[in-house]
Amino acid sequence: MVNGAGFGLGPFVGGALYEVGGFVVPFAAVGATMMLMSVMYIFIFPSIKSARRAYSGSLLSLIRIPAILIMSMTVFFAFFGLAFLDVGLGPHLKTFNLSVIVTGVIFMTAPILYALTAPIWGWLVDRGHAGRIMIVVGNLVCVTGMVLIGPVPIVGKSHLWLTILAIVILGIGFACSQVPVFRDMLMTARAHGFPDELETHGLISGVYNFFYPFGAFLGAVVGGIISDRIGFRWTCSVIALMVFTMVMVMIIFMLISRHLSHKRKSQDEQDKGSEEIPLK
């Protein structure tokens, strides 16, 4: 939620500071704020002391788990698309002759909706609702948003209201697809024998925070290059296809996992039944 709020307020506040003092002011304000917060952390955060002990898990063994890898790729493609929009949406909005402030407001729409809806999706996941179904649905919603934001040339001409609607859809879908990921990865790691300790949380956080900036980096660079070649609208089509393909892979994996789970359960019941037959 805080991540979304920061992404949302950044373009708006940065645009306002740019209008007031030019290019240097937004960076100076952010830098001064970060330095102040760093000093506050020293006095606010408590020191944590724990006894050193052997830890059985490793990053490589975590990545080798198919479900963890698939979840990581959903994070990668989600932030790939989001970073591309950070690069490509600005030039696209220039065609509507908007002011810097209005452009900043449009940019902050999706992250603010992410911040507002993330607690709702988190509440649903904590209540035991199917997190992977939410991830699939959220990514399909994001695909819809990517198709409409250009829009894809076969949909029709570009309109400001359609672009704003697509951004709203992306904000809601992005939250739905990303909020359950960390919890699902943690439960998967536990199911594969990883201990429920801070070190496991740290490993999962490390995996998530690797694929997230890696996807964001490639989304900005590769997405920008592709956009220069084929244009913003067709690039959105390519990214929508990439995310849709990842969703199909995840659905197939879920179906195979469910089939194997039912098969193992049936086999265990048969083995248990055979053990209970009395000897004569």
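Residues numbered from 1 in each chain as written. Predicted model: local features only at pLDDT ≥ 70, side-chain atom pairs only at ≥ 80, totals over all residues. Heavy atoms only, no water.

Trainee: I'm lost on the overall build of the chain in this one. Help?
Mentor: A count of helices and strands for the chain gives nine helices and zero strands. The secondary structure elements of the chain, listed N-terminal to C-terminal, are α-α-α-α-α-α-α-α-α. Out of the 280 residues belonging to the chain, those deemed buried represent 36%. Taking the contacts inside the chain whose residues are at least 6 apart along the sequence as the reference set, 82% of them involve residues at least 24 apart. (Helix = DSSP H or I, 4+ residues; strand = E, 2+ residues; numbered from the N terminus. Buried < 20%, exposed > 50% of the residue type's maximum accessible area, 1.4 Å probe, protein only. Contact = heavy atoms within 4.5 Å.)

Trainee: What exactly am I supposed to notice about the packing of aromatic side chains here?
Mentor: The description of an aromatic ring pair rests on the distance of the ring centres and on the angle between the ring planes. If you walk through the whole model with that rule in mind, you get eleven aromatic pairs. Taken together, a centroid distance of 6.1 Å and an interplanar angle of 40° make the contact between Phe76 and Phe80 tilted. On the criterion of helical spacing, the pair formed by Phe76 and Phe80 is a turn pair, its members being four residues apart in helix H4 (residues 66–94). Look at Phe76 and you get buried, because its relative accessible area is 9%. Residues Phe76 and Phe214 carry aromatic rings whose centres are separated by 5.6 Å and whose planes lie at 45° to one another, so their mutual orientation is tilted. One end of the pair, Phe76, is in helix H4; the other, Phe214, is in helix H8 (residues 198–230), and 138 residues separate them in sequence. (Phe/Tyr/Trp six-rings, centres within 6.5 Å; stacked < 30°, edge-to-face > 60°.)

Trainee: Would you mind going over the side chain of Asp184 with me for this structure?
Mentor: Relative to the helices and strands, Asp184 is located in helix H7 (residues 160–191). At 2.9 Å, the side chain of Asp184 and the side chain of Arg132 are in polar contact. Beyond its immediate chain neighbours, meaning those up to four positions away, Asp184 contacts Met71 and Arg132. (Polar contact = N/O pair within 3.5 Å; in protein donor to acceptor, adjacent residues only side chain to side chain.)

Trainee: What should I look at first to understand the pattern of salt bridges in this one?
Mentor: Two side chains that carry opposite charge are able to pair once their charged atoms sit near each other. Scanning the entire structure with this criterion turns up three salt bridges. Across the pair Arg183 and Asp126 runs a salt bridge whose closest N-O atoms are separated by 4.0 Å. In this pair, Arg183 sits in helix H7 while Asp126 sits in helix H5 (residues 100–126), placing the two residues 57 residues apart along the sequence. For Asp196, the salt bridge is made with Arg190, and the minimal N-O distance between the two is 3.0 Å. Accessibility expressed as a relative area gives 52% for Asp196, which makes it exposed. For Arg190, a relative accessible area of 38% translates into the label partly exposed. (Salt bridge = Lys/Arg side-chain N within 4 Å of Asp/Glu carboxyl O.)

Trainee: I'm lost on unusual backbone geometry in this one. Help?
Mentor: Of the consecutive residues Gly150 and Pro151, the connecting peptide bond is found in the cis state with omega at -10°. Position of Pro151 relative to the elements: it lies in the loop between helix H6 (131–149) and H7. A positive phi angle is found at Asn97, which is not glycine, with a value near 55°. Looking at Asn97, the relative accessible area reads 71%, which means it is exposed.

Trainee: Just checking my understanding: could you explain the environment of Thr163 for this structure?
Mentor: Checked against the element boundaries, Thr163 lands in helix H7. Note: C-alpha distance between Thr163 and Pro151 (twelve residues apart in sequence) is 7.6 Å. Setting aside anything within four residues of it in sequence, one finds Thr163 in contact with Leu89, His92, Leu93, Phe96, Ile149 and Ser158.

Trainee: In this structure, what is going on with the nonpolar core? I would like to understand it.
Mentor: Buried together is how nonpolar side chains tend to be arranged in soluble globular proteins. Formed by 57 residues in total, the largest nonpolar core has its most connected members in Leu62 and Ile149. Put simply, the parts of the chain that give this core at least two residues each are H4, H5, H6, H7, H8 and helix H9 (232–275). Here this core takes 13 residues from H4, the largest share from any one element. For Ile149, the contacting residues outside a window of four places in its chain are Leu85, Leu89, His92, Thr163, Ala166, Ile167, Leu170, Phe232 and Cys236. (Core = buried A, V, L, I, M, F, W, Y, C linked by side-chain atoms within 4.5 Å.)

Trainee: Before we go on, may I ask you to explain the packing of H4 against H5 in this structure?
Mentor: Packed helix pairs are characterised by how far apart their axes lie and by the angle those axes make with each other. At their nearest, the axes of H4 and H5 sit 11 Å apart, and the two run at 140° to each other. Taken together, the axes of H4 and H5 lie oblique to each other. As H4 packs across H5, the resulting crossing turns out to be right-handed. Of H5, the residues touching H4 (which contributes Leu85, Asp86, Leu89, Gly90 and Leu93) are Thr103, Ile106 and Phe107. Residue composition of the contact of H4 with H5, by class: five nonpolar, two polar and one charged. (Axes fitted to C-alpha atoms, helices over the stretch in contact; angles between N-to-C directions. Parallel < 35°, antiparallel > 145°, perpendicular 65-115°, else oblique. Left-handed = near helix turned anticlockwise from the far one by under 90°. Nonpolar A, V, L, I, M, F, W, Y, C, P; charged D, E, K, R; others polar.)

Trainee: Before we go on, may I ask you to explain the packing of H4 against H7 in this structure?
Mentor: The N-to-C vectors of H4 and H7 enclose an angle of 155°; their axes lie 10 Å apart at closest approach. Taken together, H4 and H7 sit at an angle that is classed as roughly antiparallel. Where H4 crosses over H7, the two elements pack in a sense that is left-handed. Grouping the constituent residues of the contact of H4 with H7 by class yields 17 nonpolar, six polar and one charged.

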